[in-house]
Amino acid sequence: MSESADVKLTTAGFDARCWQNYVDYFKCINARGEDFAPCKQFYRAYHSLCPNEWIEKWDTQREEGTNPSNFEV
Amino acid sequence: MTTKFMNRSVQAHPFHLVEASPWPIAVSFSLLVVTLSGVMTFQGYSNGLFLLTLGFISLVSTMTLWFKDISREGTFQGHHTFAVQKGLSLGFVLFVISEIFFFISIFWAFFHSSLAPTVELGAHWPPAGIETLNPWEVPLLNTVILLSSGATVTYAHHSLIQGNRAGVIYGLIATVALAAVFTGFQAFEYYNAPFTFSDGVYGSTFYMATGFHGIHVIVGTIFLTVGLFRVLSYHLTDHHHLGFEQAILYWHFVDVVCSLGPGALRAPGSKEWARFAGPSLDLLLASPKAAFIAIQEVREPWFPRLNRFNSIGRKVFED
């Protein structure tokens, strides 16, 4: 299983799990630094769950500062 | 004993067979113009706004003339027997129920978007970038104003039933004054709001709800003002004042939406909602037991005497 058990997502589908892992990865590296190994789990999870178009769109939004999600813990 | 003369000018039933009137078709046509020109305006077609203004003036005029006729038929021509009154009351109550359902649909749309905000909004409510209004400022004041107007209109109604003419007039003037103040504050809020109708689903749901509510407040105010003029003109009696009672029912409906509205609409996502609603909906769905424990913790400082029921809950969720 490539995602962690998150009680908020037990009833959620791919969209929510994809998004949650994307946000959690960036929260993780913002809090612990890019080299913190356990963050990789989130990275693998969102790359397996999310459509590439979404990842590209969210990455572009993050670079422009227009991503509405909160990446700070 | 028989009589050779038959009185053919008296109807042998209590109902009102209305005379031919141009007002229903005139109102229908005005509504058609208003709706079509409304769409023209929203879609940016030329002359849309001009036609909308014409249609609106036409609508208000034809409706006024229709209701004027109804008022004449009842007050001066004696057509509103008890049977007719029952029909008019039932019809109006059904209309108010349909309006309630209209607002249910607006509230549904709001809760659909606000309780499970999408990732495009940042999965939280209010959406990222929206600066919300403080529900405890103007909204709370407006709620109090409308609830007070409900009290003054009840005073006016009781005065009418008791035959206290001065009471009715002052009560109605107070009600209409409070309604006008409410409308003024709401206009102030609209003018100074940091977000518009186009600001995503937040703006849409907020202005749909408050906008339609505002229109109903204005219509209700007009209805009550007409009642005031009729009272001044001695149209109403202490036993027969259907139009007045209908105006009051409509006003209470407007009132209730405005008491529930601000509370429900401006709360989700705010700290107040979090405090009073306790655990979020998703925790409730994912783990009822965890939700129950969280509810206990939230409830304890606010309603300590309910803690005696904790043991029942523990038995229900026993592992």
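Residues numbered from 1 in each chain as written. Chains lettered and ligands numbered in written order. Predicted model: local features only at pLDDT ≥ 70, side-chain atom pairs only at ≥ 80, totals over all residues. Heavy atoms only, no water.

So, the UniProt feature "transmembrane region" (unreviewed entry) in chain B
All names here are of chain B. Here the UniProt-annotated "transmembrane region" (unreviewed entry) positions come out as residues 21-42, 48-67, 88-111, 138-156, 168-188 and 208-232. Between the first and last C-alpha atoms of residues 21-42 the distance is 33 Å; the span itself is 91% helix and 0% strand. Here residues 88-111 is 100% helix and 0% strand, with 35 Å between the C-alpha atoms at its ends. (UniProt positions renumbered as here; feature names shortened; annotations may be inferred. Helix = DSSP H or I, 4+ residues; strand = E, 2+ residues; numbered from the N terminus.)

As for the packing of aromatic side chains
Residue and element names in this part refer to chain B. Summed over all chains, the structure comprises 29 aromatic pairs over all chains. A ring pair is formed by Phe110 and Trp125, whose centres lie 5.9 Å apart and whose planes are at 80°; its orientation type is edge-to-face. Linking Phe110 in helix 3 (residues 82-115) with Trp125 in the loop between helix 3 and helix 4 (138-162), this pair joins segments that are 15 residues apart in sequence. Neither Phe110 nor Trp125 differs from the other in exposure class; each is buried. Centroid distance Trp125 to Tyr202: 5.4 Å. Interplanar angle 45°. Geometry classified as tilted. Of the two residues, Trp125 sits in the loop between helix 3 and helix 4 while Tyr202 sits in helix 6 (residues 200-232), which places them 77 residues apart along the sequence. For the residue pair Trp125 and Tyr202, the accessibility class agrees, reading buried in each case. (Phe/Tyr/Trp six-rings, centres within 6.5 Å; stacked < 30°, edge-to-face > 60°. Buried < 20%, exposed > 50% of the residue type's maximum accessible area, 1.4 Å probe, protein only.)

Details of a nonpolar patch on the surface
All names here are of chain B. Judged by side-chain polarity, Leu90, Val93, Leu94, Ile97, Ile100, Phe101, Ile104, Trp108 and Leu249 come together as a nonpolar surface patch covering roughly 870 Å² of accessible area. If you tally residues by element for the nonpolar patch, the top one is helix 3, at 8 residues. Inspection of the secondary structure puts Ile97 in helix 3. With a relative accessible area of 38%, Ile97 lands in the partly exposed category. (Patch = residues over 30% accessible without salt bridge, like charges linked within 9 Å, V, L, I, M, F, W, Y side chains within 5 Å. Areas by Shrake-Rupley, 256 points an atom, 1.4 Å probe, with all protein chains shown as cover. Salt bridge = Lys/Arg side-chain N within 4 Å of Asp/Glu carboxyl O.)

Quick word on the nonpolar core
Among the nonpolar cores identified, the biggest contains 28 residues, and Leu172, Leu224, Phe244, Trp251, Phe253 and Val254 of chain B are the most heavily contacted of them. For this core, the secondary structure elements donating two or more residues are helix 3, helix 4, helix 5 (165-192), helix 6 and helix 7 (242-266) of chain B. Top contributing element to this core by residue count: helix 7 of chain B, with 8 residues. Ignoring sequence-local partners within four residues, the contact set of Leu172 of chain B consists of Val153, Ala156, Leu224, Gly227, Leu228, Val231 and Phe244 of chain B. Judged by nonpolar contacts, the second largest core, of 16 residues, contains Cys39, Cys50 and Trp58 of chain A together with Val119 of chain B. (Core = buried A, V, L, I, M, F, W, Y, C linked by side-chain atoms within 4.5 Å. Contact = heavy atoms within 4.5 Å.)

Re the environment of Ser69 of chain A
Note that Ser69 of chain A resides in the segment after helix 3 (52-64). You can call Ser69 of chain A buried: its relative accessible area is 9%. Sequence spacing of Ser69 of chain A and Tyr22 of chain A is 47 residues, and the spatial spacing of their C-alpha atoms is 9.9 Å. Beyond its immediate sequence surroundings of up to four residues, Ser69 of chain A is in contact with Trp19 and Val23 of chain A together with Val119 and Gly122 of chain B. Within polar-contact distance, the side chain of Ser69 of chain A engages the side chain of Trp19 of chain A at 3.1 Å. (Polar contact = N/O pair within 3.5 Å; in protein donor to acceptor, adjacent residues only side chain to side chain.)

Observations concerning the confidence of the model for chain B
Residue and element names in this part refer to chain B. Summing up the model confidence of chain B, the mean pLDDT is 86 and the portion of residues at 70 or higher is 82%. Between the elements of chain B, mean pLDDT differs from a low of 46, seen in helix 8 (residues 271-277), to a high of 97, seen in helix 1 (residues 23-42). The low-confidence segment residues 272-282 (pLDDT under 50) makes 14 contacts with residues lying over four places distant or belonging to another chain. Across the whole predicted complex the pTM is 0.78, and at the interface the ipTM reaches 0.72. (pLDDT = per-residue confidence, 0-100.)

A few points about the environment of Val34 of chain B
Residue and element names in this part refer to chain B. Here Val34 lies in helix 1. For Val34, a relative accessible area of 19% puts it in the buried group. Along the chain, Val34 and Leu59 lie 25 residues apart, while their C-alpha atoms are 7.9 Å from each other. Those residues in contact with Val34, other than ones at most four positions away along the chain, are Leu52, Gly55, Phe56 and Leu59.

Side note on the side chain of Glu73 of chain B
All names here are of chain B. You can see Glu73 is positioned in helix 2 (residues 48-75). Within the buried set, Glu73 has no salt-bridge partner at all; the shortest N-O distance to an opposite charge, 10 Å, is to Arg72. Aside from chain neighbours lying at most four places away, what touches Glu73 is His16, Gly78, His79 and His80. (Lys, Arg positive; Asp, Glu negative; His and termini not counted.)

A word on the state of the cysteines
Residue and element names in this part refer to chain A. Applying the stated criterion across every chain, the model contains 2 disulfides over all chains. Disulfide pairing places Cys18 opposite Cys50 at an S-S distance of 2.0 Å. Between Cys18 and Cys50 the disulfide shows an S-S torsion of about 110°. By sign, it is right-handed. Of the two residues, Cys18 is situated in helix 1 (residues 14-32) and Cys50 in the loop between helix 2 (39-49) and helix 3; the sequence distance between them amounts to 32 residues. A single burial state applies to Cys18 and to Cys50, both of which are buried. In this model Cys28 forms its disulfide with Cys39; the gap between the sulfur atoms is 1.8 Å. The disulfide joining Cys28 to Cys39 has a torsion of about -80° about its S-S bond and is therefore left-handed. (Disulfide = S-S within 2.5 Å.)

Describing the packing of helix 1 of chain B against helix 2 of chain B
A pair of packed helices is characterised by two quantities: the angle between their axes and the separation of those axes. Residue and element names in this part refer to chain B. Closest axis-to-axis distance for the helix 1/helix 2 pair is 8 Å, and the angle between their directions is 155°. Comparing the axis directions of helix 1 and helix 2 gives the class roughly antiparallel. Between helix 1 and helix 2 lies a crossing of left-handed hand. Looking at the contact of helix 1 with helix 2 residue by residue, the class counts come to 16 nonpolar, 8 polar and 1 charged. (Axes fitted to C-alpha atoms, helices over the stretch in contact; angles between N-to-C directions. Parallel < 35°, antiparallel > 145°, perpendicular 65-115°, else oblique. Left-handed = near helix turned anticlockwise from the far one by under 90°. Nonpolar A, V, L, I, M, F, W, Y, C, P; charged D, E, K, R; others polar.)

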